[in-house]
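Residue strings, one per chain:
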Amino acid sequence: MAVQCGIKISPENILIKDAQKGSNFNVDITFQNFSKNSKVIRLRGPETKHFLLKAPNEEQLVASGLVINATLKFDCEVEGHYEDKIIVFVDNKPVVVPIKVLPPSPKLEFESPVSFGISIPDGLVLTRFVDIKNNGKRAGNFRIDYAGDQPIKIFPCVGTIEPDCSRSIKIEFISRDLGTWEEIAGVELEGTGYMELRMYGEVRPSSLMLLNISGTSHLQLINFGSTVFECEKFQPAVLFNNGPTSLGFVIILEEGGVAQEIKDDEDKALPRALSSCITASPNQVHYQLSKI
């Protein structure tokens, strides 16, 4: 609170909202001497008949730290906008306290942004919902305009929302084109004004990647190195789902591939089918592998 001419006025501005016909309002006001010296304070009430100020009529000598109390009364006979003021004379210097009365009005609002997350280009329609709420005292209209390039549909685009109610807005997006996208729809709200509804998402292909055991690099080759004859050797790897949806998998070794088996007691290499000496486990799942 600001101190003017050595006094602190609370409230500095008087604002009465949602004044309905037949309603009554009483606003308490305090005038405190914040200076080190006594002040001569005199109040002049509002000029219009809509307001009544209950306060001392005569000027008051107010010592440092003391307070003058007053009450502003407003009776709403007809709904509308009203403005007036209280003038406080402090040692004959005027300080103005504005008064404003607002009629009941709508107050529409919604939460933004809307995320469609990560999807695959399968042509499916993704759906999200946004609630427009009216926290005001009168019904309010809304209008939504979207003129972007993405396959987005919004409905309903226009409507009316009653006080203390909400309206669910449906947003549909067709997931088909790869890439990251972000779009904005303009929303005109009665009682609030223009707002933006931001929508975003990403479309990426589904894919599985074979990584090293630490998950830091792609495996182009699995190197078993040297092994002892008729012994088993294991090389772990990580199968990583880089897509946004679950995937099943099957591992198939190349049937036509040939491996070579070398024995110490015979100085020759024996060809064997690759699938007879190398196996993968698990080599198939009937459940779906979720993204890590």
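Look up: the structure comes first, before these words.
A brief report on the enclosed structure follows.

Cut-offs applied
Residues numbered from 1 in each chain as written. Predicted model: local features only at pLDDT ≥ 70, side-chain atom pairs only at ≥ 80, totals over all residues. Heavy atoms only, no water. Pairing = 2+ DSSP bridges. Helix = DSSP H or I, 4+ residues; strand = E, 2+ residues; numbered from the N terminus. Axes fitted to C-alpha atoms, helices over the stretch in contact; angles between N-to-C directions. Salt bridge = Lys/Arg side-chain N within 4 Å of Asp/Glu carboxyl O. Buried < 20%, exposed > 50% of the residue type's maximum accessible area, 1.4 Å probe, protein only. Polar contact = N/O pair within 3.5 Å; in protein donor to acceptor, adjacent residues only side chain to side chain. Core = buried A, V, L, I, M, F, W, Y, C linked by side-chain atoms within 4.5 Å. Contact = heavy atoms within 4.5 Å.

## A word on the sheet that holds strand β14 (residues 140-145)
- Strand order in this open sheet of 5 strands is β12-β19-β18-β14-β16, and the pairing throughout is mixed. This sheet does not close on itself; its edge strands, each paired only once, are β12 (114-119) and β16 (158-161). Strand-to-strand twist of the sheet, defined as the mean angle between neighbouring strand axes without regard to direction, takes the value 20 degrees.
- Pairing of β14 with strand β18 (residues 179-189) involves 4 bridges; the strand directions are antiparallel. Across the sheet, residue D145 finds its bridge partner in β18, namely G186.

## Side note on the pattern of salt bridges
- On inspection of all chains with the given rule, the structure shows 7 salt bridges.
- Here R176 makes a salt bridge to D177, at a shortest N to O gap of 3.8 Å.
- Its salt-bridge partner being E202, residue R204 comes within 3.4 Å of it at the nearest N-O pair.
- In this structure R204 comes out as buried when scored by relative accessible area, which is 18%.

## Side note on the side chain of R204
- Assignment of secondary structure puts R204 in the loop between β19 (193-203) and β20 (208-211).
- At 3.4 Å, the side chain of R204 and the side chain of E202 are in polar contact.

## What about unusual backbone geometry?
- Put simply, S10 and P11 share a cis peptide bond, and its omega is 0 degrees.
- Within the fold, P11 resides in the loop between β2 (7-10) and β3 (14-16).
- Despite not being glycine, N92 shows a phi value in the positive range, around 70 degrees.
- By secondary structure assignment, the location of N92 is in the loop between β9 (82-90) and β10 (93-101).
- Phi at D164 takes a positive value of approximately 55 degrees, unusual for a residue other than glycine.

## So, the nonpolar core
- Formed by 26 residues in total, the largest nonpolar core has its most connected members in I14, I29, I86 and V88.
- Secondary structure elements with two or more residues in this core: β2, β3, β4 (24-33), β5 (39-44), β6 (51-54), β8 (67-75), β9 and β10.
- Ignoring sequence-local partners within four residues, the contact set of I29 consists of I9, S10, P11, I14, L53, I68, N69, A70, L72 and I86.
- With 21 residues, the next largest nonpolar core counts V130, F142, I152 and I154 among its residues.

## With respect to the environment of I161
- Locating I161 in the fold gives a position in strand β16.
- Spatially, the C-alpha atoms of I161 and N141 are 6.4 Å apart, while their sequence positions differ by 20 residues.
- Ignoring any residue separated from it by four or fewer positions in sequence, one finds I161 in contact with L108, I132, N134, R138, A139, G140, F142, S166 and R167.

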